[in-house]
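# Coordinate analysis (summary)
What follows is each chain in one-letter form.
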Amino acid sequence: QVQLVVSGGGLVQTGGSLRLSCAAAGRTFSIYAMGWFRQAPGKEREFVAAADWSGDSRYYADSVKGRFTISRDNAKTTVILQVNSLKPEDTAVYYCAVKRGGDTYYHPSRTYEYDYWGQGTQVTVSS
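## Focus on the overall build of the protein
Of regular secondary structure, the protein possesses zero helices and eleven strands. Oriented by its inertia axes, the alpha-carbon framework of the protein measures out at about 45 × 25 × 25 Å. By residue count, 43% of the 127 residues in the protein fall in the buried class. Residue pairs in contact within the protein that sit at least 24 positions apart in sequence constitute 57% of those at least 6 positions apart. Entry remark: accessible area of the protein is about 6600 Å², with carbon and sulfur atoms responsible for 45%.

Now the structure itself:
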């Protein structure tokens, strides 16, 4: 079991920044990758960014490239999503997810790849 604690959401103006944090606890040695997804009202959950624990690869959705940065700590139990230059269309509930190791292929943008999900944190960007 892996438990995730997510924090850092809030209300900001257009152009502002936030630092979203996702801390994992439990059987963290099994973690292969951690990712971020978001879901706006009336829309499906969409991929934002992910980090591969093995090769330290990073993946981003086209909509956030150049504005968002994903990183992890040295213990490989926490992932940070630094969100800059925020736009109203970034408004959503942001979810952290964990993928367990063992797969040969990894598809970062697919929700089915992930085994554990955090509770989500609200990001609201005002005009």
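So that's the structure; there's more coming.
## Re unusual backbone geometry
Unlike most non-glycine residues, S85 shows phi in positive territory, near 50°. Examined against the element boundaries, S85 turns out to sit in the loop between β8 (78–83) and β9 (92–100).

## Concerning the packing of aromatic side chains
A full pass over the atoms with the stated rule returns seven aromatic pairs. Aromatic pair Y32 and Y106: ring centres 5.5 Å apart, planes at 80°, arrangement edge-to-face. Taken together, the residues Y32 in strand β4 (residues 31–39) and Y106 in the loop between β9 and β10 (116–117) connect sequence positions 74 residues apart. Ring centres of Y59 and Y106 lie 5.9 Å apart, and the angle between their planes is 80°; on these two criteria the pair is classed as edge-to-face. Here Y106 lies in the loop between β9 and β10 and Y59 lies in strand β6 (residues 58–60), a separation of 47 residues in the sequence.

## Some points on the sheet that holds strand β3 (residues 18–26)
Spatially, the four strands line up as an open sheet ordered β1-β3-β8-β7, and their pairing is antiparallel. Only two strands of the sheet have a single neighbouring strand rather than two, namely β1 (2–7) and β7 (68–72). Pairwise comparison of adjacent strand axes, ignoring direction, gives a mean angle of 15° for this sheet. Strand direction decides the pairing type here: β7 and β8, joined by five bridges, are antiparallel. Pairing of T69 across the sheet is with Q82, part of β8.

## Some remarks on the side chain of R67
Summarising the element assignment, R67 is placed in the loop between β6 and β7. Engagement of the side chain of R67 in a polar contact is seen with the backbone oxygen of S63, the distance being 3.0 Å. Separated by 3.0 Å, the side chain of R67 and the backbone oxygen of S85 make a polar contact. For R67, the contacting residues outside a window of four places in its chain are Q82, V83, N84, S85, L86, K87 and D90.

## Some points on the environment of R67
The class of R67 is buried, set by a relative accessible area of 10%. At a separation of 2.7 Å, a polar atom in the side chain of R67 contacts the side chain of D90.

## Regarding the nonpolar core
One broad trend across soluble globular proteins is that nonpolar side chains are buried collectively. In terms of nonpolar packing, the biggest core is built from 38 residues, with M34, W36, L81 and Y94 touching the most fellow members. Elements with a minimum of two residues in this core: β1, β3, β4, β5 (46–52), β7, β8, β9 and β11 (121–126). Once residues within four sequence positions are removed from consideration, L81 is found in contact with L18, R19, L20, W36, V48, A49, F68, T69, I70 and Y94.

How each quantity is defined
- Along every chain, residues carry numbers that run from 1 in the direction the sequence is written.
- At least 70 in pLDDT is required for a residue's local features to be given in this predicted model, at least 80 for side-chain atom pairs to be given and counted, and no such filter applies to totals for whole chains, interfaces and linings, which use all residues.
- To obtain the side-chain values, all non-hydrogen atoms of the structure were used and water was disregarded.
- Labels follow the DSSP assignment, with helices taken as runs of H or I lasting at least four residues and strands as runs of E lasting at least two, numbered in each case from the N terminus.
- Whether a residue is buried, partly exposed or exposed follows from its accessible area with a 1.4 Å probe, protein chains only, as a fraction of its type maximum: under 20%, in between, or over 50%, in that order.
- We call two residues contacting when some pair of their heavy atoms lies within 4.5 Å.
- Computed with the Shrake-Rupley method and a 1.4 Å probe, the accessible areas treat only the protein chains shown as cover for residues.
- Ring pairs shown here join Phe, Tyr and Trp side chains whose ring centres sit within 6.5 Å, with only the six-membered ring taken for Trp; geometry is labelled stacked below 30 degrees between planes, edge-to-face above 60, and tilted in between.
- A pair of strands is labelled paired if DSSP reports no fewer than 2 bridges between them.
- A fitted line through C-alpha atoms represents every axis, and for helices the fit uses only the stretch in contact; the resulting angles, taken between N-to-C directions, go from 0 to 180 degrees.
- In the analysis that follows, any N or O atom pair within 3.5 Å is treated as a polar contact, provided that within protein one partner can donate a hydrogen and the other can accept it, and provided that, for residues neighboring in sequence, both atoms belong to side chains.
- Residues belong to one nonpolar core when they are buried, are Ala, Val, Leu, Ile, Met, Phe, Trp, Tyr or Cys, and are joined through side-chain atoms within 4.5 Å.

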